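Spelled out, the chains give:
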Amino acid sequence: MVVKTEVCNFSGFKIYPGHGSRFARTDEKVFNFINGKSKACQKMKRKPVKLNWTQLYRRVNKKGAQEETVKRRTRKVNTVVMKPVEGASLEVIKAKRNQQQRSKTTGAKAANLK
């Protein structure tokens with residue numbers, strides 16, 4: 001079941017059904033407040049960015065942002081580069097490696113036949 005929640009116009013907290021109060025200004029703008037503290041602060045024209053307990057303050061000052069978003073790690077791609085060893089060229093090394101792989105496969109085939 002989905003519960004329809006509203007957001008406090010001052011603090012930014014969720015207001016669940018049956019909680020909070022509404023205030024309608026003479027210009028027909030409706031404000032939702034979670035409690036009297038938020039309503040009083042709005043009436044005194046306080047800025048929610050300057051109050052530590054509001055969601056707007058936490059958003060501007062990046063409080064708790066690490067918990068919400070996990071940084072994605074970039075995958076490191078390993079590239080294999082063959083380099084010649086002193087005294088042997090790259091072609092000689094590749095030829096020896098291919099020869100060793102062939103002998104391994106023939107040995108495995110012989111073992112399977114037995």
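Data block above holds the structure.
Residues numbered from 1 in each chain as written. Predicted model: local features only at pLDDT ≥ 70, side-chain atom pairs only at ≥ 80, totals over all residues. Heavy atoms only, no water.

Engineer: Quick rundown of the overall build of the chain? Include the residues and the values.
Structural biologist: Within the chain, the regular secondary structure consists of four helices and four strands. Taken from N to C terminus, the helices and strands of the chain fall in the order β-β-β-β-α-α-α-α. By the compact-globule yardstick of 13 Å for 114 residues, the chain is too spread out, its C-alpha radius of gyration being 34 Å. Once the C-alpha set of the chain is aligned to its principal axes, its extents read approximately 90 × 40 × 25 Å. Element-wise, carbon and sulfur atoms account for 53% of the exposed surface of the chain, whose accessible area totals about 10700 Å². With 29 positive and 7 negative side-chain charges, the chain shows a separation of 5 Å between the mean positions of the two kinds. (Helix = DSSP H or I, 4+ residues; strand = E, 2+ residues; numbered from the N terminus. Rg over C-alpha atoms; globule rule 2.2 N^0.38 Å. Areas by Shrake-Rupley, 256 points an atom, 1.4 Å probe, with all protein chains shown as cover. Lys, Arg positive; Asp, Glu negative; His and termini not counted. Charge placed at Lys NZ, Arg CZ, Asp CG, Glu CD.)

Engineer: I'd like a rundown of the pattern of salt bridges, residues and numbers included.
Structural biologist: In this structure the tally under the stated criterion is two salt bridges. A salt bridge links E6 to R22; the shortest N-O distance between them is 2.6 Å. On the criterion of sequence distance, the pair formed by E6 in strand β1 (residues 6-7) and R22 in strand β3 (residues 21-24) is long-range, its members being 16 residues apart. Across the pair D27 and R25 runs a salt bridge whose closest N-O atoms are separated by 3.2 Å. In this structure D27 comes out as partly exposed when scored by relative accessible area, which is 48%. The class of R25 is partly exposed, set by a relative accessible area of 38%. (Salt bridge = Lys/Arg side-chain N within 4 Å of Asp/Glu carboxyl O. Buried < 20%, exposed > 50% of the residue type's maximum accessible area, 1.4 Å probe, protein only.)

Engineer: Quick rundown of a nonpolar patch on the surface? Include the residues and the values.
Structural biologist: Judged by side-chain polarity, M1, V3 and Y16 come together as a nonpolar surface patch covering roughly 410 Å² of accessible area. Note that M1 resides in the segment before β1. (Patch = residues over 30% accessible without salt bridge, like charges linked within 9 Å, V, L, I, M, F, W, Y side chains within 5 Å.)

Engineer: Describe the pairing of β3, naming the residues involved and giving the relevant values.
Structural biologist: Pairing geometry for β3 and strand β4 (residues 30-33), over four bridges, is antiparallel. Across the sheet, R22 pairs through a bridge with N32, a residue of β4. Where β3 folds back on β4, the antiparallel hairpin that results is connected by five residues, among which E28 adopts a positive phi of roughly 70°. (Pairing = 2+ DSSP bridges.)

Engineer: Please set out the side chain of S38 residue by residue, giving values where relevant.
Structural biologist: Mapped onto the elements, S38 comes out in helix α1 (residues 36-43). Residues in contact with S38, not counting those within four places in the same chain, are C8, F10, S11, F33 and W53. (Contact = heavy atoms within 4.5 Å.)

Engineer: Break down unusual backbone geometry for me, with residues and values.
Structural biologist: The phi angle at K45 is positive, at roughly 60°, despite the residue not being glycine. Its location among the elements puts K45 in the loop between α1 and α2 (55-60). For K62, which is not glycine, the phi dihedral falls at a positive 55°. Look at K62 and you get exposed, because its relative accessible area is 63%.

Engineer: I'd love a proper account of the nonpolar core, names of residues and values included.
Structural biologist: One recurring pattern in soluble globular proteins: nonpolar side chains tend to sit buried together. Formed by C8, F10, I15, F31, F33, C41 and L51, the largest nonpolar core amounts to seven residues. For F10, the residues in contact, after removing those within four places along its chain, are F33, S38, C41, Q42, R46, K47, P48, L51, W53 and T54. (Core = buried A, V, L, I, M, F, W, Y, C linked by side-chain atoms within 4.5 Å.)

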